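# Geometric and topological summary
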Amino acid sequence: MNWPSFSFPFGGWFFLSLIPLVVLYFLKLKRPKLEIPSLALWQSVVNDQRVNSPFQKFRRNLLLLLQLILLCLVILALMQPFITAGPEKEDYLPILIDCSASMLATVEGEDQTRLDQAKEQIREISGNGKIGLYAFSNTGRRLTEFTDDRRILNRALDRLEGTHRVSRLDEVLRMVGAVARTLPVQRAIVFTDGNLKEHVDVELPFALEIRRVDEGGDNLGITEMNARRSGTDSWDVFVRVAGSTSEPAYGELKLTQDGKVVGREPVVASNQDSERVVFSVGSNGSSLLQATLKVDGFDSLDVDNTVWLNLPETRPLRIRTSADLFSWQHALNVQSDLDVDSGELPSTPSYDLIITDSYDLGGAAAPIVIYSGVVPEELKDLIAVSDVDVDETPVRIVDWVKTTPLLRHVQLRDVQIGQKARFAAGADAHDLEERGFEVLVHGAEGPLMLQRRRGLETEYYFLFHTDRSTLPYRVAFPILVTNVIETAMQQASLSEVVAAPTGVLPALNVAADREYVVQGPTGESDTVRSTASGLLTGIQADVVGKYNITDAGISVASVGTGLLSPLETSLRAVDELQFTELNVATSESQIIDSDRHLWWPLALMAFVFLLAEWWYFQRMKTGAVA
């Protein structure tokens, strides 16, 4: 049998309110003096005296009893009792081990990491049930099946190593939740340093206990690194350094380019103030940057002191436009550093940007495609486009998504359009979203511009032809064209690049359908085959460092990673994890169950007794029964 527990036990103090209720029945009644013809009623008078005398037994009083029961039920409901579902015996115990980067932190004077400390505590757990080990960082994985064999558990703990990744509880809790549907799992234990995201979007089907190990010592690390193109052959490199302590920590930041030192800067940061350092570097070809932080004094975490960043080869942006889109061609030709192809047929199968008024791209492809006056084939049953008659008022734009990259700072209020797009009968924007399209510009009768994302590619659809509107003659058009160019350059990594965090390397453009060898910073290697479109994706990068990609022994590319996590670098432990409808404290071991709550049946019983008291009182008042 499982005894009830209480989520708010301090509500029991409200039981003291029973005392004033009982005291009211101790008060003596004030009766008038009357002469009685017989002593037969004397016994009734004696009983009344006892009722109104302290420390005497109450006579039977139903109204008092109902009020006492009603008050007790309300107080019990306030205490929020619950009963843990499942068998009383704990046969299966999942143990979740945090293996994120912050668990590799140490304390000054000690070599033991937080992960080593967690392993020691796990080995001390005793019980008659079976234990299953799970490890998590930004993803979760199962280390062992449920077993009571201590040798299997100890071997799994010995092989367990920390990762250079951030920590997230969501996925591993879903894994354990799936197990709890088939096995009687009552609770799970999480061993962590508390360096977790506060919000966890998971509903717990079991109780959760947080066992927090000690935090690491003082730490200083790199949390951000990116580069922005400042000229034809120059880049501005931005590096942010943050600390874990309230007192400022000092160090030196060094930047190397292809192994050559190009800059050094002193840095100082704390958990309140980070420092951003800017380096100017030149590069007319692809190069590999490495930012290294050297800390003055003790540093508890080393993996966030090195970050790698790939600078691409500078080249003009390759753009393909249809031959009849003269307004777009004119706006693009006044821009610098662009290679615009407006011929009848594409000159190359690959571009950075395509702007077309035809659904047929002629075999060309680009990560960003802008269609003008084209309705997607998938939406022709939902949207109809027709010309505006001479005697009709031109279509005006009602609203647009100002936060989308293409429409930033673009004013479309006064644009008049000679074509109108209408929804088919019964269709609306929700139907478009179900098919993967988002409405960016709204007209009075239907959408005017759509967006669709497909993997690494993005398609924009002007449902009206831009040359059949006043858009090319408005100030908004050159701003729109500039936004298009900036978006395409960012997509092609020609204007801004960001250092890749650990986890998965960014997609690489290589030869199609070939096998490549990826060698990691610790010497491990893996073979990956490129796709039919020439993309190398899904390369695991669990360790901070440089990854070399080779083809038959010839180097194809070098890609670097970094931890780049302000949360992991801060080594900050949260005090409470916020789950769906409940919170779990991390400062101490605390079990919170979410299975069978009893407060609502207690509140319902209190309402029933309230009705009974009202009925009894009204009956006595009206004298229905003598």
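All figures in this text were calculated on a predicted structure; none of them were measured in a lab. (Residues numbered from 1 in each chain as written. Predicted model: local features only at pLDDT ≥ 70, side-chain atom pairs only at ≥ 80, totals over all residues. Heavy atoms only, no water.)

### Describing a nonpolar patch on the surface
- Taken together, F8, F10, W13, F14, L16, I19, V23 and L78 make up a surface patch of nonpolar side chains, about 850 Å² in accessible area.
- Its place among the elements puts W13 in the loop between β1 (5-6) and α1 (18-24). (Patch = residues over 30% accessible without salt bridge, like charges linked within 9 Å, V, L, I, M, F, W, Y side chains within 5 Å. Areas by Shrake-Rupley, 256 points an atom, 1.4 Å probe, with all protein chains shown as cover. Salt bridge = Lys/Arg side-chain N within 4 Å of Asp/Glu carboxyl O. Helix = DSSP H or I, 4+ residues; strand = E, 2+ residues; numbered from the N terminus.)

### Concerning the sheet that holds strand β8 (residues 220-229)
- Spatially, the four strands line up as an open sheet ordered β12-β9-β8-β26, and their pairing is antiparallel. Edge strands, defined here as strands with exactly one partner in the open sheet, are β12 (275-282) and β26 (496-498). The mean inter-strand angle of the sheet, taken between neighbouring strand axes irrespective of direction, is 20 degrees.
- Of the strand pairs in this sheet, β8 and strand β9 (residues 234-243) are connected by nine bridges, and their pairing is antiparallel. Bridge pairing links N226 to F238 in β9. (Pairing = 2+ DSSP bridges. Axes fitted to C-alpha atoms, helices over the stretch in contact; angles between N-to-C directions.)

### With respect to the environment of M605
- Note on placement: M605 falls in helix α11 (residues 599-622).
- The class for M605 is partly exposed, based on a relative accessible area of 39%.
- Between the alpha carbons of M605 and A77 there is a distance of 9.9 Å; along the sequence they are 528 residues apart. (Buried < 20%, exposed > 50% of the residue type's maximum accessible area, 1.4 Å probe, protein only.)

### Focus on the packing of aromatic side chains
- Scanning all chains against the criterion turns up seven aromatic pairs.
- Relative to F146, the ring of Y92 lies with its centre 5.4 Å away and its plane at 90 degrees, an arrangement referred to as edge-to-face. With Y92 in strand β3 (residues 92-98) and F146 in the loop between β5 (140-142) and α5 (150-159), the pair connects residues that are 54 residues apart, well separated along the chain. Judged on exposure class, the residue Y92 and its partner F146 are both buried.
- Here Y371 and Y461 contribute two aromatic rings whose centre-to-centre distance is 4.6 Å and whose plane-to-plane angle is 5 degrees, an arrangement assigned as stacked. One end of the pair, Y371, is in strand β18 (residues 368-372); the other, Y461, is in strand β25 (residues 457-462), with 90 residues separating them in the sequence.
- In this structure Y461 comes out as buried when scored by relative accessible area, which is 0%.
- Connected via pairs of aromatic rings, a cluster forms that spans W328, F462, F464 and F477.
- The aromatic ring of W400 is capped on one face by K402, whose charged end is 4.4 Å from the ring centroid. (Phe/Tyr/Trp six-rings, centres within 6.5 Å; stacked < 30°, edge-to-face > 60°. Lys NZ or Arg CZ within 6 Å of the ring centre and 35° of its normal.)

### Points about the confidence of the model for the protein
- Looking at the protein as a whole, the pLDDT averages 85, with 87% of positions reaching at least 70.
- Contacts from residues 85-89, a stretch scored under 50 in pLDDT, to residues over four places away or in other chains number 11 contacts.
- Contacts from residues 588-595, a stretch scored under 50 in pLDDT, to residues over four places away or in other chains number 31 contacts. (pLDDT = per-residue confidence, 0-100. Contact = heavy atoms within 4.5 Å.)

### Section: the side chain of S102
- Within the secondary structure, S102 sits in the loop between β3 and α4 (114-123).
- Using a relative accessible area of 1% as the deciding quantity, one classes S102 as buried.
- Residues within four places of S102 in sequence aside, it is in contact with R114, D193, N195, L301, E568 and L571.

### Let's talk about the side chain of T356
- Mapping T356 onto the fold places it in strand β17 (residues 353-356).
- T356 sits in the buried class, given a relative accessible area of 5%.
- In this structure T356 touches S322, L325, L361, V369, I370, Y371 and S372, once residues within four positions along its chain are discounted.

### Some points on the pattern of salt bridges
- What the rule picks out here adds up to 24 salt bridges.
- Two residues, R240 and E224, come together in a salt bridge whose shortest N-O distance is 3.0 Å. Taken together, the residues span a long stretch of sequence, with R240 in strand β9 and E224 in strand β8 at a distance of 16 residues.
- By relative accessible area, which is 25% here, R240 ends up partly exposed.
- Between R529 and D513 there is a salt bridge, with its nearest N and O atoms 3.0 Å apart. In this pair, R529 is assigned in strand β31 (residues 525-529) and D513 in the loop between β29 (508-509) and β30 (515-519), connecting sequence segments 16 residues apart.
- For R529, a relative accessible area of 45% puts it in the partly exposed group.
- Each of E378, R452, R454 and E459 takes part in one network of salt bridges that share partners.

### Observations concerning α5
- Looking at α5, one finds that the buried residues are L153, A156 and L157. Along the axis of α5, the buried positions cluster into a sector of 100 degrees, meaning they face one direction only. Seen from the buried face of α5, the exposed residues on the opposite side, beyond 90 degrees, are R151, D158 and R159.
- For α5, the secondary structure elements touched by its buried residues are β3, α4 and β4 (130-136).
- For α5, the N-terminal cap is D149; the gap from its side-chain oxygen to the backbone nitrogen of R151 is 3.0 Å. (Arc of directions from axis to C-beta. Polar contact = N/O pair within 3.5 Å; in protein donor to acceptor, adjacent residues only side chain to side chain.)

### Some points on the nonpolar core
- One finds W328, I370, L412, V441, L450 and L480 to be the most contacted residues of the largest nonpolar core, which totals 58 residues.
- In terms of residues, this core owes the most to one element, helix α9 (residues 476-491), which gives eight residues.
- Beyond its immediate stretch of four places on either side in the chain, L450 contacts L379, I383, L432, F437, E438, V439, L440, E459, Y460, Y461 and L463.
- Core analysis: the second largest hydrophobic core is formed by 26 residues, L220, W235, L293 and L309 among them. (Core = buried A, V, L, I, M, F, W, Y, C linked by side-chain atoms within 4.5 Å.)

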